[in-house]
Amino acid sequence: MGRVVASAPGKCILFGEHAVVYGQPAVAVAIEQRMIVEISTEDEISEWKLDGKEFDGSKHPHVQALRDRMWPKSVGATPLSVKIHGDIPAASGLGSSAALSVAACAALRAARGRWIRKNGDFSVPEDWAEGYHSSIEDTNSYADSENIRDSARRSGQNGVGHLHIFGQDSIDVEECSIVGHSIEAVAQGGRASPMDATTCAYGGIILLSDKLEPGVDWTGTRNLSTPNGDVSWEIHSVSAKSPDDLFLVIGHTGDYSSTAQQVKYVAELLEKDPLRMKEIEAIGHVARRGVDALLKGDYTAVGHAMKENQVLLSLLGVSSEKLDRLVEAANPSSLGAKLTGAGGGGCMIALTRNPKETSEAIELAGGRTWISKFNNKGLTLDAISDLPIWFPPGN
Ligand code: PMV
């Protein structure tokens, strides 16, 4: 039986939510909690299965979009059984859907493999005969499956002059990050920042900005055609030394809020009073200071920047009574605490050297907690057998 298991972490935003919508930098970190995706072939199945039940694409738009893109029935791809589990709470701003998309993309790529040019080097995207990579000029990963340009297909010519590789060798983190982002965009009506997919794919600490930021490693550009026009982001990775005794405690308020509504609220606020753009710029300054502190390994200063960021988010009106209460409860035992994501509900995070004490304080104030190490690995391929499960014949 062909089988692949892949997993990817969730994320939380350390600095810069909301301000990132207006071009300011934002920093996200991968958390320890992960989504695990297992795909396998099962005898006698004639349609896709998800967690043992018949697959319904309308309930699972991310899986549907990935299936269309990576495993198209129209070119003979066989039905799969998919199992999804993990410990990232859903719809809480912790990137569970991006982690799912990134892990599933890796699993499908490992299972179908990749055509590359004969004598080519699979680590060089220009040698691929198919796939998505930001360094391949003619790849438009954002089109839906039916509209993918022919030039983006780059399929092998019945194997002539091409080599087929599969499993770990065929997986490319940049590809999973790009496809994950495009799947988020499809599922969210054309609007999605690459923050979640990039952090879930690469792991570690990711800095997103509308321009190249100094002092950090630039890893690539993401472009997206949205209903409001073309948007572009510069992605950077921040290589910070993080001590083993440093933790993030995530506290869930138990309230759910809509990111779209929170973003709309800020947009209306700025429209009414354009001078409040100063607060957005101040969040950008705090985020840049936070990155400097991360690069120096000065976690007291990182915590301080988180506290300042929370004050600014509160002023902006995107915190909530419950978020404030959990942040206040976490402050005495931590280096810094703030809401993470869109606010209004959802989660807060605390950076701490006393995870048990911080977690207990948050729980006492009414939050549900998860403890995570600070720096966590990105996408991993965890198990394979009997591959490839299927591969496209090529044109
Ligand atoms: O709640 P999340 O993790 O989806 O984060 C939203 C972050 C915002 O800055 C509020 C919106 C955005 O698109 O960046």
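Residues numbered from 1 in each chain as written. Predicted model: local features only at pLDDT ≥ 70, side-chain atom pairs only at ≥ 80, totals over all residues. Heavy atoms only, no water.

Draft legend 1. Region of interest: the nonpolar core. Judged by nonpolar contacts, the single largest core of 98 residues is most densely connected at Leu-14, Leu-294 and Phe-374. Ranked by residues supplied to this core, first place goes to helix α2 (residues 96-112) with twelve residues. Residue contributions to this core reach at least three from each of two domains, namely domain 1 (3-233 + 378-385) and domain 2 (241-373). When near neighbours in sequence (up to four residues on either side) are disregarded, Leu-294 contacts Leu-14, Phe-15, Val-27, Ile-205, Val-238, Ala-240, Tyr-299, Val-302 and Phe-374. Counting residues in hydrophobic clusters, the runner-up holds ten residues, among them Ala-28, Ala-185, Ala-192 and Trp-233. (Core = buried A, V, L, I, M, F, W, Y, C linked by side-chain atoms within 4.5 Å. Buried < 20%, exposed > 50% of the residue type's maximum accessible area, 1.4 Å probe, protein only. Helix = DSSP H or I, 4+ residues; strand = E, 2+ residues; numbered from the N terminus. Domains from an automatic or database assignment. Contact = heavy atoms within 4.5 Å.)

Draft legend 2. Region of interest: the sheet that holds strand β11 (residues 247-252). Strand order in this open sheet of four strands is β12-β13-β11-β14, and the pairing throughout is antiparallel. Edge positions in the open sheet fall to β12 (336-340) and β14 (368-373), since each of these has one partner strand only. Ignoring strand direction, the axes of neighbouring strands in this sheet form an average angle of 25°. Here β12 runs beside strand β13 (residues 347-352); their pairing, made up of five bridges, is antiparallel. (Pairing = 2+ DSSP bridges. Axes fitted to C-alpha atoms, helices over the stretch in contact; angles between N-to-C directions.)

Draft legend 3. A look at the site of the ligand. With respect to spatial proximity, the complete set of residues near the ligand consists of Lys-11, Ile-13, Glu-17, His-18, Val-20, Val-21, Gly-93, Thr-259, Val-263, Gly-341 and Ala-342. Between the ligand and His-18 there is a distance of 2.8 Å, counted from an oxygen atom to a backbone nitrogen or oxygen. Here the ligand, which alone exposes 380 Å², has 80% of that area covered by the protein. Elements with a contribution of two residues or more to the shell around the ligand: β1 (3-15) and α6 (259-272). The residue inventory of the shell around the ligand, partitioned by class, reads five nonpolar, four polar and two charged. In this structure, the shell around the ligand is formed jointly by two domains, domain 1 (3-233 + 378-385) and domain 2 (241-373), each of which donates at least three residues. (Near = heavy atom within 4 Å. Polar contact = N/O pair within 3.5 Å; in protein donor to acceptor, adjacent residues only side chain to side chain. Areas by Shrake-Rupley, 256 points an atom, 1.4 Å probe, with all protein chains shown as cover. Nonpolar A, V, L, I, M, F, W, Y, C, P; charged D, E, K, R; others polar.)

Draft legend 4. Up close: the pattern of salt bridges. If you walk through the whole model with that rule in mind, you get 17 salt bridges. Of the charged contacts in the structure, one is a salt bridge between Arg-112 and Glu-130, with a shortest N-O distance of 2.4 Å. Remark: Glu-130 occurs in the loop between β6 (114-117) and α3 (150-153) and Arg-112 occurs in helix α2; sequence separation between them is 18 residues. Judged by its relative accessible area of 8%, Arg-112 is buried. Its salt-bridge partner being Glu-308, residue Arg-289 comes within 2.9 Å of it at the nearest N-O pair. On the criterion of sequence distance, the pair formed by Arg-289 in helix α7 (residues 277-296) and Glu-308 in helix α8 (residues 299-316) is long-range, its members being 19 residues apart. Relative accessible area serves as the criterion here: at 26%, Glu-308 is assigned to the partly exposed category. A network of salt bridges, in which partner residues are shared, links Arg-109, Arg-112, Arg-114, Glu-130 and Glu-175. (Salt bridge = Lys/Arg side-chain N within 4 Å of Asp/Glu carboxyl O.)

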